[in-house]
Amino acid sequence: MRGHSRGHSLGQVSPDRSRHPFEPGKLVAGLVILGVAAAYGMDAAGEWDVRPEIALPALLCGLCVAALISALTYALRRRSGRATPDD
């Protein structure tokens, strides 16, 4: 049974990170959505008074920033992939 859990225990081989590259745009989008959800959750709990005319544009702006970050990340990765060493 131990041979089946390769890389899952502490001190074992680290997972292969080349399979799923880090995507900062998705991180920003997730954090924006979690922030707005937390604000509405606090509103439902009676702790905050969240006005939709503030929260919804903030969500839209945050998602636009995430899209911009994703586009920049894509452009940088594509550009670095084309670079060839000058020997």
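In this report, the structure presented in the accompanying data block is examined. Fair warning: this is a prediction, and the values are worked out from it, not measured in the lab.

### A word on the overall build of the protein chain
Logical step 1: A tally of helices and strands in the protein chain yields two helices and zero strands.
Logical step 2: By the burial criterion, 11% of the 87 residues in the protein chain qualify as buried.
Logical step 3: Residue pairs in contact within the protein chain that sit at least 24 positions apart in sequence constitute 62% of those at least 6 positions apart.
Logical step 4: If you sum the accessible surface of the protein chain, you get close to 7700 Å²; carbon and sulfur atoms cover 63% of it.

### With respect to a nonpolar patch on the surface
Logical step 1: Residues F22, L27, L31 and L34 make up a contiguous nonpolar surface patch of about 440 Å² in total accessible area.
Logical step 2: Here L34 falls in the exposed class, since its relative accessible area comes to 58%.

### Looking at the pattern of salt bridges
For side chains bearing opposite charge, pairing can occur when the charged atoms are close.
Logical step 1: Summed over all chains, the structure comprises two salt bridges.
Logical step 2: A salt bridge links R51 to E53, with the shortest nitrogen-to-oxygen separation between them at 2.9 Å.
Logical step 3: For R51, a relative accessible area of 46% gives the class partly exposed.

### Comments concerning the packing of helix α1 (residues 24-44) against helix α2 (residues 52-82)
When two helices pack together, their arrangement is given by the angle between the helix axes and by the axis-to-axis distance.
Logical step 1: One way to put it is that α1 packs onto α2 with a least axis distance of 7 Å and a crossing angle of 170°. Between α1 and α2, the angle falls in the class roughly antiparallel. Contacts from P24, G25, K26, V28, A29, V32, I33, V36 and Y40 of α1 reach α2 at P52, A55, L56, A58, L59, G62, L63, A66, I69, S70 and T73.
Logical step 2: Across the contact of α1 with α2, the residue classes tally to 15 nonpolar, four polar and one charged.

Definitions and cut-offs
Residues numbered from 1 in each chain as written. Predicted model: local features only at pLDDT ≥ 70, side-chain atom pairs only at ≥ 80, totals over all residues. Heavy atoms only, no water. Helix = DSSP H or I, 4+ residues; strand = E, 2+ residues; numbered from the N terminus. Buried < 20%, exposed > 50% of the residue type's maximum accessible area, 1.4 Å probe, protein only. Contact = heavy atoms within 4.5 Å. Areas by Shrake-Rupley, 256 points an atom, 1.4 Å probe, with all protein chains shown as cover. Patch = residues over 30% accessible without salt bridge, like charges linked within 9 Å, V, L, I, M, F, W, Y side chains within 5 Å. Salt bridge = Lys/Arg side-chain N within 4 Å of Asp/Glu carboxyl O. Axes fitted to C-alpha atoms, helices over the stretch in contact; angles between N-to-C directions. Parallel < 35°, antiparallel > 145°, perpendicular 65-115°, else oblique. Nonpolar A, V, L, I, M, F, W, Y, C, P; charged D, E, K, R; others polar.

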